[in-house]
Amino acid sequence: MREREPSLVYAFRQSTPYVNVHRGATFVLMMGGEAICHPNFANIVSDIALLQTLGIRLVLVFGSRPQNDEALARAGIEAQYHRRIRVTDDASFTIIKQVCGGLQYDITAQLSMGLANTPMQGARISVVSGNFVTAQPLGVDDGIDFCHSGRVRRIDVEGITRQLDKKSLVLISPIGCSVTGESFNLSSEEVARRVAVDLKADKLICFSSTQGVMDRHGEAISELFPEQAEELLVELEQAGEEMSGTARYLRAAIASCRGGVPRSHLVSYQDDGAMLQELFSRDGLGTQIVRESAERARAATIEDIGGILDLIRPLEEEGILVRRSREQLEMEIDKFTIIERDGLIIGCAALYCFMEEAMAEMACVAIHPEYRNSNRGDQLVAKVAERAKRLGIRRLFVLTTRSIHWFRERGFDPLEVEDLPVERQHFYNWQRRSKVLSKTIS
């Protein structure tokens, strides 16, 4: 047990900023029938209870596609689709309503558990379902009558908000009622998207069989803009996977982002704790589709001094960087460029210009230990070089004792101390005996 304590403490500390940010936020969870029937669903329910305990406002939209197909097959009814939408005739809809009603009660029962010695102990979640979705028929398309298949007409935002204000979890099924008293079979992806957009939710969280969208190497792509996600969606459709869970959730996430939802996450329903790791760690596990990146390089401000000090102090203590006081940083903060990820400064560098010689020094280069094997160092060099070029600098130089090869690999060549700007030569520390390297800014 003691061996696990350091990692447990670290995880708690790393999650603290996200606990503060997420408290009071509204999340819409989109969960297909595949997730509900998976053995890990009980763990997901426990994680949902934890989110509720942390003060997060939750709407859970569920689907029932595999359960519907199975029930229809048992009844000898062949499932029919047109343009990726189920054609719901009278016989099919009778069964589908029974399936959705049963799932709704099953999910409510799981969320209501409070057994001792389980993660649900003391959770006491109030689950509310109702006629929050007004539907309308799809009608006829290409001569195909969709019958009881419909689309979302309106979301009862006020009704959902009232329940969220009472700290209830709102559970929404893929069956919607119309103003004429009829009911219709809806796409859970469309329902989740409309709820997220109309509620102005902070996040849409989708569950699929994979841990996000995978690249060609089988690794999850951590972040996508809607345009990039659309390109991947086209590839899935060309590969005949337009009905896959990933494709369906990508459509919902893209539309949600374009509708104003800041971030849509895609995580696995098969991996225990995937949602928590996605939400409460800097890098997460799955894929998020975002309107603007969670990470950016920018000019530092006075508010960043604490974060810069946290980043450079360990390197100063090792003798890798020259020590800087807080007062010095305050006076020179306009010279710093930082890389920020979800409020954490993970990289920094300073630029000191010598205009007469059209040269500039890149100094105080630091990368957070967890990101040193990534390309953040290259980003900093490029960003600082870009800034220097705008100022009319033609040559960039560095003084380093430990990172000589790293800079050599990035086009920096050895330089003599005598080749430095005269002013910089006066401040050269002969005890440190730093190597001087430089590169031309093109």
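Cut-offs applied
Residues numbered from 1 in each chain as written. Predicted model: local features only at pLDDT ≥ 70, side-chain atom pairs only at ≥ 80, totals over all residues. Heavy atoms only, no water. Helix = DSSP H or I, 4+ residues; strand = E, 2+ residues; numbered from the N terminus. Buried < 20%, exposed > 50% of the residue type's maximum accessible area, 1.4 Å probe, protein only. Contact = heavy atoms within 4.5 Å. Areas by Shrake-Rupley, 256 points an atom, 1.4 Å probe, with all protein chains shown as cover. Lys, Arg positive; Asp, Glu negative; His and termini not counted. Charge placed at Lys NZ, Arg CZ, Asp CG, Glu CD. Polar contact = N/O pair within 3.5 Å; in protein donor to acceptor, adjacent residues only side chain to side chain. Pairing = 2+ DSSP bridges. Axes fitted to C-alpha atoms, helices over the stretch in contact; angles between N-to-C directions. UniProt positions renumbered as here; feature names shortened; annotations may be inferred. Salt bridge = Lys/Arg side-chain N within 4 Å of Asp/Glu carboxyl O. Parallel < 35°, antiparallel > 145°, perpendicular 65-115°, else oblique. Left-handed = near helix turned anticlockwise from the far one by under 90°. Nonpolar A, V, L, I, M, F, W, Y, C, P; charged D, E, K, R; others polar. Phe/Tyr/Trp six-rings, centres within 6.5 Å; stacked < 30°, edge-to-face > 60°. Lys NZ or Arg CZ within 6 Å of the ring centre and 35° of its normal.

(A) Geometry of the overall build of the protein chain. Broken down by element type, the protein chain carries 15 helices and 23 strands. C-alpha extents for the protein chain along the principal axes are approximately 90 × 55 × 35 Å. Residues counted as buried form 47% of the 442 residues belonging to the protein chain. Intrachain contacts of the protein chain at a sequence separation of at least 6 include 71% that bridge at least 24 residues. Accessible area of the protein chain: about 22,500 Å², with a carbon and sulfur share of 49%. Distance between charge centroids for the protein chain: 4 Å, based on 53 positive and 61 negative side chains.

(B) Structural detail: the side chain of serine 281. Here serine 281 is to be found in the loop between α10 (274-280) and β16 (287-290). Polar side-chain contacts of serine 281 include one of 2.4 Å to the backbone oxygen of glutamine 277. Apart from residues no more than four positions distant in its own chain, serine 281 is found in contact with Gln14, Tyr18 and Leu276.

(C) Spotlight on the sheet that holds strand β19 (residues 344-354). The 7 strands are arranged β17-β18-β19-β20-β21-β23-β22 in an open sheet whose pairing can be described as mixed. Unpaired on one side and paired on the other, β17 (295-299) and β22 (413-415) mark the two borders of the sheet. Neighbour-to-neighbour, the strand axes of this sheet turn through a mean angle of 30°, independent of strand direction. Here strand β20 (residues 359-367) runs beside strand β21 (residues 395-400); their pairing, made up of 3 bridges, is parallel. Bridge pairing in β21 links glutamate 361 to phenylalanine 397. Against the sheet, helix α11 (residues 305-317) contacts β18 (336-341), β19 and β20, and its axis sits at roughly 85° relative to β19.

(D) Geometry of the UniProt feature "domain: N-acetyltransferase" (unreviewed entry) in the protein chain. As recorded in UniProt, the feature "domain: N-acetyltransferase" (unreviewed entry) lies at residues 295-434. As annotated, residues 295-434 comprises 32% helix and 29% strand, and the C-alpha atoms at either end are separated by 32 Å.

(E) Region of the structure containing the pattern of salt bridges. Counted according to the given criterion, the structure contains 19 salt bridges. A salt bridge links aspartate 304 to arginine 298; its shortest N-O distance comes to 2.9 Å. Via salt bridges that share partners, Arg296, Arg298, Asp304 and Glu340 belong to a single interconnected network.

(F) Spotlight on the packing of helix α4 (residues 65-74) against helix α5 (residues 90-111). The N-to-C vectors of α4 and α5 enclose an angle of 130°; their axes lie 9 Å apart at closest approach. Looking at the two axes, α4 sits oblique to α5. Here α4 runs over α5; the crossing is right-handed. Across the interface between the two elements, Gln67, Asn68, Ala71 and Leu72 of α4 pack against Ser92, Ile95, Ile96, Val99 and Leu103 of α5. The residue inventory of the contact of α4 with α5, partitioned by class, reads 6 nonpolar, 3 polar and no charged.

(G) Representation of the packing of aromatic side chains within the structure. The full count for this structure, using the stated rule, is 4 aromatic pairs. Ring geometry for tyrosine 428 versus tryptophan 430: centroids 4.6 Å apart, planes at 75°, classification edge-to-face. Taken together, the aromatic side chains of Trp406, Phe407 and Phe412 make up a single cluster linked through ring pairs. Seen from the ring of tyrosine 249, arginine 248 lies directly overhead, with NZ or CZ sitting 5.6 Å from the centre.

(H) Structural detail: unusual backbone geometry. In this model, arginine 83 sits at a positive phi of 55°, which is unusual for a non-glycine residue. The residue arginine 83 is located in the loop between β3 (81-82) and β4 (85-86) in this model. On the accessibility criterion, arginine 83 (54% relative accessible area) is exposed. Of note, the phi angle at arginine 84 is positive, near 70°, even though the residue is not glycine. Assignment of secondary structure puts arginine 84 in the loop between β3 and β4. Taking relative accessible area as the criterion, arginine 84 reaches 38% and is therefore assigned partly exposed.

(I) The sheet that holds β16, seen in detail. Taken in spatial order, the 8 strands make up an open sheet running β5-β10-β2-β1-β13-β15-β16-β14, and their pairing is mixed. In the strand order of this sheet, the two ends are held by β5 (127-128) and β14 (223-224), each with one partner. Inspection of the sheet shows β14 paired to β16 by 2 bridges, in the parallel sense. If you follow leucine 224 over to β16, its bridge partner there is isoleucine 289. Contacting β2 (57-62), β5 and β10 (169-172), α5 runs over the sheet at an angle of about 145° to β2.

(J) A look at the packing of helix α8 (residues 226-238) against helix α9 (residues 245-258). Orientation of α8 relative to α9, taken along the N-to-C sense of each, is 155°, at an axis distance of 10 Å. It follows that α8 is roughly antiparallel to α9 by the angle criterion. Crossing of α8 against α9: the hand is left-handed. Contact with α8, carried on its side by Pro226, Glu227, Ala229, Glu230, Leu233, Leu236 and Glu237, involves Thr246, Ala247, Leu250, Arg251, Ile254, Cys257 and Arg258 of α9 and no other residues of that element.

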